[in-house]
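Chains, contacts and geometry: an overview
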Amino acid sequence: MVTDIRDTTHAVDAAAVMRLLPARPRLLALGEPTHGEDTVLEVRNELFRQLVEQEGYRTIAIESDCLLGLIVDDYVTSGTGTLDEVMERGFSHTWFNASAPNRELVRWMRAYNDGRPASERLRFAGFDGPLEITHAASPRQALTALHGYLAAQVDADLLPCAPETLDRLLGDDDRWTDPDAMRDPAKSMGRSAEARELRLLADELVALLDEQTPHLIAETSREGWDRARLYGRTATGLLRYHFWMADTSPARMTRLAGLRARMMADNLLAVTERGPALVHAHNSHFQREKSTMPWNGKPLEWWSTGALVSARHGEEYAFVATALGTIRHQGVDTPPPDTLEGLLYELPEDRCVVDARRLATALGDTRPAPRVSPWFGYAPLDPAHLADLDGLVFVKDVTRG
């Protein structure tokens, strides 16, 4: 019986996190309630370093473009390019490549791999689709890379089209990335005759990739085949996303949010096929509950990435959220004492790992009040979800880097 919430807290280290779990999960997700804060990322770096060295995790995945992530993976595994080039070109969000802790994470991964055999190297992955709030990428890169991989290995008669056909149907990439299409479905390419034909061709290319799996792995490598599968997932996912960008029904935004979550989940499931993985992103992507947000006066609901992965992996998926006390440089001051963050803020530790389920039991029917953030960039933890977390990292004060 827990009578004092201090009995639910531990030092922030890998051993404390692992003690909260029945066994080492295949995918261990560490969330954050805001992006780009160095204090939070420094805590992530240290935890991930310990989990790699002590628990044998071999992939670190980040909320960034899955195709750009290949640039980072090539660098950390084989030293391709320079650290400056990778930080500039390997990520889809400016809050990542401009951050000193993110740069340090990539530098450390490369140093860790130096001199190790391929089977022991640490891998990097971006697990987000090539999507932004303002637009979705053209499917050109993924489609042409998939076609090129197959064309080099299988009989030309098996291919559903020539590369010139893809180029003609894709047209100018600006037609796909027009930011007006996010607000106006009529501006989207997604339901054009060309897009419909591309969806059929992408489906045929992915089917051919699957059918030729034994030959392709033997002639290239499992790594090459895995990369081609990523191209296939991304091409079909982007074409499906563009299709729904052109939709005018009330289901449009629900489908777009759900499709992004599915692309993320598919990428994470693929990453775990090669071994245990660590992943870092916003808390909202990892929850097992439905995600919600207000949209045009109505609630928008979809199954989050964490819910989709948890449904497939069960206890082999674990989610440790991060909660924060203050971010004073963003106007987030001391949390009210009746909130979850407020209760934790009264503890003497600056940082701690919290047994979330034991804490929920200790609180009993006295559920903390939801915290309201004065800054749009920070999402407080929903106290109703506390018992569904596998663990919680609490950082008392986030300071400007």
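The following refers to the structure shown. Along each chain, the written sequence defines residue order, and numbers are assigned to residues from 1. Confidence filtering applies because this is a predicted model: local features only for residues at pLDDT of at least 70, side-chain atom pairs given and counted only at 80 or more, and all residues used for totals across whole chains, interfaces and linings. Note: side-chain values were computed over all heavy atoms of the structure, leaving out hydrogens and water.

1. Describing the overall build of the protein
Applicable threshold: Strands are runs of DSSP state E lasting at least two residues, helices are runs of H or I lasting at least four, and both sets are numbered from the N terminus onward. For the radius of gyration, the atoms used are the C-alpha atoms, and the globule rule reads 2.2 Å times the number of residues raised to 0.38. Residue exposure (1.4 Å probe, protein chains only): buried if accessible area is under 20% of the type maximum, exposed if over 50%, otherwise partly exposed. A contact between two residues is defined here by any heavy atoms of the two lying within 4.5 Å. Here the accessible surface of atoms and residues is derived via Shrake-Rupley with a 1.4 Å probe, and residues count as covered only by protein chains that are part of the display. His is not counted, nor are the chain ends, whereas Lys and Arg count as positive and Asp and Glu as negative. Working definition for charges: the position is that of NZ of Lys, CZ of Arg, CG of Asp or CD of Glu.
Looking only at helices and strands, one finds 18 helices and 10 strands in the protein. In terms of overall size, the protein behaves like a compact globule, its C-alpha atoms giving a radius of gyration of 22 Å where 401 residues would be expected to give roughly 21 Å. Its C-alpha atoms put the protein at 70 × 55 × 35 Å along the principal axes. For the protein, buried positions account for 53% of its 401 residues. A fraction of 77% describes how many contacts in the protein between residues 6 or more apart in sequence connect residues 24 or more apart. Of the accessible surface of the protein, which amounts to about 17900 Å², a share of 50% is contributed by carbon and sulfur atoms. Mean positive and mean negative side-chain charge positions of the protein (44 and 60 charges, respectively) differ by 1 Å.

2. A look at the packing of helix H13 (residues 222-245) against helix H14 (residues 252-272)
Each pair of packed helices can be described by the angle between their axes along with the distance between the axes. As a reminder of what qualifies: Each axis is a line fitted through C-alpha atoms, taken for helices only over the stretch in contact, and angles between the N-to-C directions span 0 to 180 degrees. Roughly parallel here means an angle under 35 degrees, roughly antiparallel means over 145, roughly perpendicular means 65 to 115, and every remaining angle is called oblique. Polar here means any residue outside two lists: the nonpolar Ala, Val, Leu, Ile, Met, Phe, Trp, Tyr, Cys and Pro, and the charged Asp, Glu, Lys and Arg; Gly therefore counts as polar.
Between H13 and H14, the shortest axis-to-axis distance is 9 Å and the interhelical angle comes to 175 degrees. Classified by the angle their axes make, H13 and H14 are roughly antiparallel. Of H14, the residues touching H13 (which contributes Leu230, Arg233, Thr234, Gly237, Leu238, Arg240, Tyr241, Trp244 and Met245) are Arg252, Arg255, Leu256, Leu259, Arg262, Met263, Asp266, Asn267 and Ala270. Of the residues in the contact of H13 with H14, the class split is 9 nonpolar, 3 polar and 6 charged.

3. A few points about the layout of surface pockets
Short version of the rule: Points on a 1 Å grid over protein atoms alone make up a cavity when a 1.4 Å probe fits among them but cannot get out, and a pocket when they form an open set with protein on both sides within 12 Å along at least five of seven lines; lining residues each have an atom within 4 Å of a point. Grid points are joined across faces, edges and corners, and a volume is the space filled by probe spheres set on the points.
Considering only enclosed or pocket space, the largest pocket measures out at about 1800 Å³ in volume. Surrounding the largest pocket, 49 residues form its lining, Arg260, His282, Ser284, His285 and Met293 being those nearest its centre. Considering each element in turn, the lining of the largest pocket owes the most residues, 6 residues, to H14. Here the residues of the lining of the largest pocket sort into 25 nonpolar, 15 polar and 9 charged.

4. So, helix H7 (residues 140-151)
For the record, the criterion: Each residue after the first adds 1.5 Å to the expected span of a helix.
Relative to the 16 Å expected for 12 residues at 1.5 Å per residue, H7 spans 16 Å between its end C-alpha atoms, a close match to the ideal helical length. Buried within H7 are the following residues: Arg140, Ala142, Leu143, Leu146, His147, Tyr149 and Leu150. Where H7 is buried, its residues meet helix H8 (163-170), helix H11 (193-211), helix H12 (213-219) and H13.

5. Observations concerning the side chain of His280
Its location among the elements puts His280 in strand S5 (residues 277-282). Apart from the residues lying within four places of it in its own chain, the contact partners of His280 are Leu30, Gly31, Glu32, Leu41, Arg44, Phe48, Ala61, Ile62, Glu63, Phe127 and Phe286.

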